[in-house]
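# Tertiary structure, described
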Amino acid sequence: MEEAVVPAAHVHAPPEGFIRKHVFSLDHKVIGKQYYGLGLVAVFIGMGLSWLMRFHLVWPTTKVPGLELLSSTGAPGGVITPEYYLSLLTMHGTLMVFFVLTNAPFAGFGNYFLPIQIGAEDMAFPRFNMMSFWITFCAFIVLILAFFIPDGPPISGWTAYAPLSAVGKDAGPGLAWGQSLWAMSIAIFCVGQLFGSLNFIATTLDLRAKGMTFMRMPICTWAWFITSAIGLLAFAVLLPACLLLLLDRMAGTSFFIPAGLVISDRLQNHAGGSPLLWQHLFWFFGHPEVYIAILPAIGIVSHVLITNMRKPMLSAKVLIYSMMSIGFLSWMVWGHHMFVSGMNPTSSLLFSFPTLTITIPATIITLIWLGSLYGANMQINAASLFALGFVSMFVSGGVSGFFLAQPSIDIYLHATYFVVGHFHMVMGVAAIFGIFSGTYFWFPKMSGRMMNETLGKLHFWITFIGTYCIFMPFHYLGLVGNVRRYSSFVDDFMAPLMPVHKFISIAAFVTGAAQFIFLYNLIHSRFRGKQASENPWNATSLEWSIPSPPPWDNFGGKHPVIYHDPYQYGVKGSKGDFVMQDSPEQV
Amino acid sequence: MGKFFAVILTLIALASAYPILTHMYVQPVDISTHGHAIDEQLSDTMAEAGFAFLGAQLLLAFFVWKYSSRKNGVKVKHLPGGAKLMVATAFIFVGTEVLALGVLGQKAWAEVYFTAPKPDALQVQAQAGQFAFYFRYPGADEKFAPLHPDKIDEGNGNYFGLDPANDVEARDDIVTAELAIPVNREIHLLMHAKDVGHSFYVRELRIQQDFVPGLDLSVHFTATKTGKYEIVCTQLCGLGHYNMKAYLNVLSQEDFDKWLKEKASEQ
Amino acid sequence: MASGTYTQIVSPSHLAGPDRASRSGIWVGIFAITMSFAAFTSALYVRQGSGEAAHIVLPPVIYANTLALLLSSLTLEKARRGIAKGLGPEVDESAAGMAWLVVTLILGLAFVAGQCLAWRSLATQGLYLATNSNSSFFYVFTAMHVLHLFGGIAALAYLIGRLAGSLRTFGQSLFGAIAIYWHFMGVLWLYLLLVIGTRL
Ligand code: HEM
Ligand SMILES: [Cu+2]
Ligand SMILES: [Cu+2]
C-alpha cells in the first residue's frame, strides 16, 4: 500500500463483480437489503408454521397434503402430531422474534438508512458489517437444519426453559439435536447482532456529516441508535446463557439442572443447577428484545407519519427522550415474566412497579402521535395507512400489558391466550406494520421504482382487519382461561371455545394469504414499477437528497452539510411546503 | 380513504369492546377466598384499560377523519398546549393509574403470597411429572416421608420414590391421582417437580404456580364451593403437555374423610 | 478493524471520523464483553446459592501466566513508543518497536500455553468441566477469556504483518484500538483471577 493519496473519506472502492456487489458486499445498502431479504424468507416460513398450528388446533385429524414429506414422524400421513405442534410453535416463535423482528426493522432498514440519514458513506466497519450479516445467515441455516434431522425441531418454545431444554433426549423428541441446533443458532445469532450493534453505535457517534448534531438526526436514526445500545447489552447476556445451556447439554455440566430429576424413568446425572438462572438470564435479554423489535418500528412510523402529515411532531425531542427512557427502564422489568415461577414474591412487586412505569413514556409517545395529527394535512397512502395502523395496534397491545404487569392479575392470566394476544399485538403485528410502512415508504429509494399503491392499500385493509380478527379474540380466550402452548383443546373446559378458535384460524388463513399480495407487489414493482424520482414523498431527510437508488458511495463523493433539524414541514420552501435538511435556505 | 380508515377503526374498536361490555367472556366462578380481590383488580383494570383503549382509538379515528386528504396548500395547525400538554396528560392520568394499580392494588398478591398458611392448614404434596400430577397425603402420622428419586418406579405405582421398607413415615402416606380437599379448610400445597418445569393452574381457584425442579415451593388456598374442577399444567413440559391435567375435588368434610379412608385402604 | 483498503496519513492532527470510530468501536466492544462476563459472574453467584462445591486450589502456573500477560501490556507500550519514534525525524527506533511488538505477541501466546498447562494440571487432579460447579466455572471463565484473547492475538499478528509491509501505512488509530483491547484483556484477566481465587 502506498502513501495516503486516496481521499480519506472513501471508505471503500466501488465494488466489482457479482459476488462483491451482491453477495459478499461491503456496501451497507446491500447488506441492509440482505437482512431484509432474510427477514422476508423467515416471515413467510414463520407464517406458514402458524398456519399449520392454527390448522391443527381446529382440525386436529385432518391431513395436510404433503406435510409428511417435511417430517414423516411429526406428521405421519400428513396429520400433525401433538409433539410436532410444539416443534412448529418453537420454530415459529424463534423465527419471528429473532429472524424477523430483529432482522428487518433494525438490522435491515437500519443498515440501509442509518448511514445515509447521518450523511455517511458507509458504516464505520464495513467488513464487520458484512460479517455480521453472514453470521446471522449461518444462524438461520443452523436453525432451519433442525427441520431436517430425524427427531425434528425442539419442543421447548422460544423461551427454551431449562431443565426441559437442558436435559436432552430423555425429555422428548426434538430435545436432542434439535435443541442443540436451536441453542447454537441463537448463540451465533447473538454474535452477529453484537457486531452489528457495535457498528451502528460507532457509526452514529463518529461518522455524522458536518452540521449533523445529535438533535438533528431523524427520529428513526435515534431509534436505531437506542436499539443498538439495547441490543449490545441484551445479546451480550443471551450469548453466555446459550453457551452455558450448550455445556449442560453437551458437556454434562449442571448450570441449569438440579439434582434428583427422574426423566423417562432415568435418574439424571446432574447436581445443583438452577432452572431459575436460565429464566433470569433469558428474560434479562428477553424483555429488552421486545423493545429491540418495537423501537425501530416506532422510529420508522414516526418518520413516515411526519412526512405524510406535512408537519413536524409536537416534539421530536420528547419522543426521543421517551424512547430512551423506555430503553433504560427495559433493564429493570425482566422479572415480570416470572411472577408465578417461584421467584421471591417481594421481587415480583419490585418488578411490577417499573413495568407499570414504562407505560408512561409509551403513553407519551402515543399522545405525541395523536396530538400531532391535530391540524395535519394527512396524506393517505399505503405507507401512512400502515403507520396509522401501527398506532392503533400499539395502543391495543399496550393496554393489555396493563393487566399482565400486575402480579395479582398475572396469577390468573399468566400462560393463557391473553398473553399470546398481548405480545402478538404489541410486538408481533405492530412491528410488522412498522416494517410494511417502512417498505412502502422507502422502496422507491431502495429500488428506484414505486410500489403499486392500489395493491398496497388492498394489502393494508385485509391485513389490518384480519389481524384484529386474529389477535383480539385471543384476549377473550385468555380471560376465560384458555391456556397457551396446547396442541388441542379436547377437555370439557376448553372444548366449548372451539368456535372462537375456528374463527381465528379462518382469519389467519385469509390474512396470511393477503401477504402474498405484498410479495407480488414487491417483486413486480422491483422490475416493472413506475420509475421513482429522487424525492417522491417531498420529504426532508438526507436519503431523499440523493438519487433513487443511491450510488455505491451514497453521496457521489460529495460531503453533505446539514443546516436544519430533520422535519421542516409546513414551511415556505422553494420546492413546496418543506425544506430539506441539507438545503441552506432560511426558514 | 382517510374517512374510510376512520370508520373501519371505529367499528373495530367498538366490536372489540362489545364482548367485554356484554360480559361474553368472563372468568369462571371464583371458588376461593382470595379470588375476589384478583377479580376486582381485573375488572378495575379492565375499566381503565378499556377507557384508554376506546379513547385512543376513537381519537385516532376522529383525527384521521378530520385531517386527512385535505385540499392542497391547506395550512397545517399545531395543537394548542403542544407536547407539554401531552406529557402532563400522560403523567397525570397514567401516573395515577400506575400508582393506584401498582401500589394500592397489590392486596390480592399479598393475600396469596405474604400470608403464612394457618397452622391447622391441611398439608398435601403435589408432584408434577411428565405428564401427570400425583398427590400425597401424610396419613395418620401427619408426616411426609422423605423422597428417594432413585426409588421412583412408575410401573409399580411408586410415583414419588417412597421407601416404606426403610422409612416408617412412608408406610401410611397416601398417594392419589386426584386432589380431593375439604371445603372451607385451608390447604397448604407443597409442590415438587419430578423432572422438568410444570405448573399448577386451577382457574376457579385463581391459583397458578410453577413447579420448579430443585425448588421447594408451596401455595395455600381455601376452596369455598364443593365440586370438581380442572387442574391443568401451564408450563410447557414436553409432548404430552396439552394433556396433562388432574381434577380438584372439593368435598364436604365428611365426604373428604370418607374418601381419604378409602384411598388409604387402597394403598 | 478498519477495512483493508483504507489508508491513513501518519499522525493526523485530529482523528478523522473513521478513526474515531475504531476507537469508539473498541470501547463499545469492551462494554459488551464486560456485560457478558458480568452475566457469567452473576450466573456463578446464583449457582452457588444452591450449594457450594469443594474449593479449587489454583495451579501455580496461573500466576506465571498472569505475570506474562501483564508484562505484555508493558511491551506493547514500548512497541508503540518505538514505532512512533521511527516515524518521526529523530533516530529510527522502529526496528526495536517491531521487536517489542513481536515480544508482546509471544507473551500473549505464552499466556495461552500457560493456561493450557493450568487446565492439564486441574485435569490430573480429576477436575474436569463437568466435575462440579467450581470446576465448571473455572473452565468457563478461563476458556472464555482465552477465546477473547485470541481476538487480540489475531489483531497483533495482523498489525505486525501490516507494519512489516510498510511503516508508512501505519494507522495510529488502529494501533491504538488494538492496544486498548489488549490492555483490557489484562484487566479482565485480573478481575477473573480475583473471582476465581476468592469464589471457586
Ligand atoms: C400470521 C400471523 C400469526 C399467527 C396466526 C400466529 C399464531 C400463533 C399461534 C397459534 C401461536 C401459538 C400459541 C400457543 O399455542 O400458545 C403463536 C405463538 C407465538 N408467536 Fe405467532 N402468529 C403470527 C405472527 C407472529 C408474529 C409476527 C410474531 C412476532 C413476534 C409471532 C411470535 C410468536 C411467538 C414469540 C410465539 C410464542 C411461541 C412460544 O410459545 O414459544 N407470531 N403464534
Ligand atoms: Cu417483558
Ligand atoms: Cu405441562
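Structure: see above.
Let me sum up the structure you'll find in this document. (Residues numbered from 1 in each chain as written. Chains lettered and ligands numbered in written order. Predicted model: local features only at pLDDT ≥ 70, side-chain atom pairs only at ≥ 80, totals over all residues. Heavy atoms only, no water.)

### A closer look at the overall build of chain C
- A count of helices and strands for chain C gives 5 helices and 0 strands.
- Counting helices and strands in the order they occur from the N terminus, chain C gives α-α-α-α-α.
- Classification of the 200 residues of chain C by burial places 54% in the buried group.
- Of the contacts made within chain C by residues no fewer than 6 positions apart, 80% connect residues no fewer than 24 positions apart.
- Looking at chain C as shown, the accessible area adds up to about 8,500 Å², and 71% of this sits on carbon and sulfur atoms. (Helix = DSSP H or I, 4+ residues; strand = E, 2+ residues; numbered from the N terminus. Buried < 20%, exposed > 50% of the residue type's maximum accessible area, 1.4 Å probe, protein only. Contact = heavy atoms within 4.5 Å. Areas by Shrake-Rupley, 256 points an atom, 1.4 Å probe, with all protein chains shown as cover.)

### Section: the interface of chain B and chain A
- Each partner contributes residues to the interface: chain B has 100 residues there, and chain A has 99 residues.
- Summed over both sides, the interface between chain B and chain A buries roughly 8,500 Å², with carbon and sulfur atoms accounting for 73% of that surface.
- Counting every contact that joins chain B to chain A gives 0 salt bridges.
- Across the contact surface, chain B and chain A share 19 residue pairs in polar contact (both at pLDDT 80 or more).
- Ranked by residues supplied to the side of chain B that touches chain A, first place goes to helix α2 (residues 35-67) of chain B with 15 residues.
- In terms of residue class, the side of chain B that touches chain A is made up of 61 nonpolar, 24 polar and 15 charged. (Buried area = accessible area lost by both parts, 1.4 Å probe. Salt bridge = Lys/Arg side-chain N within 4 Å of Asp/Glu carboxyl O. Polar contact = N/O pair within 3.5 Å; in protein donor to acceptor, adjacent residues only side chain to side chain. Nonpolar A, V, L, I, M, F, W, Y, C, P; charged D, E, K, R; others polar.)

### Some points on the packing of aromatic side chains
- Applying the stated criterion across every chain, the model contains 83 aromatic pairs over all chains.
- Both rings, one in Phe256(A) and one in Trp278(A), keep their centres 5.5 Å apart while their planes meet at 80°; by these two values the pair is edge-to-face. Of this pair, Phe256(A) sits in the loop between α7 (219-250) and β1 (262-263) while Trp278(A) is found in helix α8 (residues 275-309), placing the two residues 22 residues apart along the sequence.
- Ring geometry for Phe386(A) against Phe433(A): centres 5.1 Å apart, planes inclined by 85°, an arrangement best described as edge-to-face. Of this pair, Phe386(A) sits in helix α11 (residues 382-404) while Phe433(A) sits in helix α13 (residues 417-447); the two residues are 47 residues apart in sequence, bridging distant segments of the chain.
- On the basis of relative accessibility, which here comes to 0%, the residue Phe386(A) falls in the buried class.
- A residue is classified by how much of its surface remains accessible, and Phe433(A), at 0% relative accessible area, is buried.
- Here the aromatic residues Phe98(A), Phe99(A), Phe140(A), Trp158(A), Phe189(A), Phe235(A), Phe256(A), Trp278(A), Phe282(A), Trp283(A) and Phe285(A) are joined through ring pairs into a cluster of three or more.
- Lying across the ring of Phe160(B), Arg136(B) places its NZ or CZ 5.3 Å from the centre.
- When the ring centre of Phe493(A) is taken as reference, the NZ or CZ atom of Arg203(B) above it lies at 3.6 Å. (Phe/Tyr/Trp six-rings, centres within 6.5 Å; stacked < 30°, edge-to-face > 60°. Lys NZ or Arg CZ within 6 Å of the ring centre and 35° of its normal.)

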